[in-house]
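Listed here are the chains, written in short residue letters.
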Amino acid sequence: MLAAADFAAVFASPVRQQSAWFRVQALRRGDDNARIGLAVSRKVSTRAVARNRLRRLARELFRLQRASLAGWDLVVMAKPAAVVAEAPALRADLHSDGIDRVVLA
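A short tour of the structure in this document, coming up.

Considerations on the packing of aromatic side chains
Considering all chains together, one arrives at one aromatic pair under this definition. Geometrically, the ring pair formed by phenylalanine 7 and phenylalanine 11 is tilted, given 6.4 Å between the ring centres and 40° between the ring planes. Separated by four residues within a single helix, phenylalanine 7 and phenylalanine 11 lie in helix H1 (residues 4-12), roughly one turn from each other. A residue is classified by how much of its surface remains accessible, and phenylalanine 11, at 37% relative accessible area, is partly exposed.

This is the structure:
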């Protein structure tokens, strides 16, 4: 998901879920493709390395769950506390409280 219109559509009427380190908003679509958009701003961390790490982790989990997310547009936003968290904890948080819970809601 790259177009501003795609993000705007998700923000207009999303299904929301929040966890300790991420906010996930989702919009159900009619097709069988799952798409992800990532919003990790400089407010989360001024260091690009830290922001890119969070993006990579979110993309990795999305790729692993893509089949079960068919028909959803997801926007994953990181919180500042996520920068200092360990990778396994971030994966578990996004898996249990983020993406899965939005889709199951």
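After that view, the rundown keeps rolling.
So, the pairing of strand S2 (residues 22-28)
Looking at chain direction, strand S1 (residues 15-18) and S2 are connected through four bridges and run antiparallel. Paired with glutamine 18 across the strands is arginine 23, a residue of S2. Remark: three residues form the turn of the hairpin made by S1 and S2, two consecutive strands paired antiparallel.

With respect to the pattern of salt bridges
Counted according to the given criterion, the structure contains five salt bridges. The closest approach of N and O atoms between arginine 35 and aspartate 6, which form a salt bridge, is 3.6 Å. Note that arginine 35 is positioned in strand S3 (residues 35-39) and aspartate 6 in helix H1, a separation of 29 residues in sequence. Glutamate 60 is the salt-bridge partner of arginine 91, the closest N and O atoms lying 3.4 Å from each other.

Thresholds, definitions, all that
- Residues numbered from 1 in each chain as written.
- Predicted model: local features only at pLDDT ≥ 70, side-chain atom pairs only at ≥ 80, totals over all residues.
- Heavy atoms only, no water.
- Phe/Tyr/Trp six-rings, centres within 6.5 Å; stacked < 30°, edge-to-face > 60°.
- Helix = DSSP H or I, 4+ residues; strand = E, 2+ residues; numbered from the N terminus.
- Buried < 20%, exposed > 50% of the residue type's maximum accessible area, 1.4 Å probe, protein only.
- Pairing = 2+ DSSP bridges.
- Salt bridge = Lys/Arg side-chain N within 4 Å of Asp/Glu carboxyl O.

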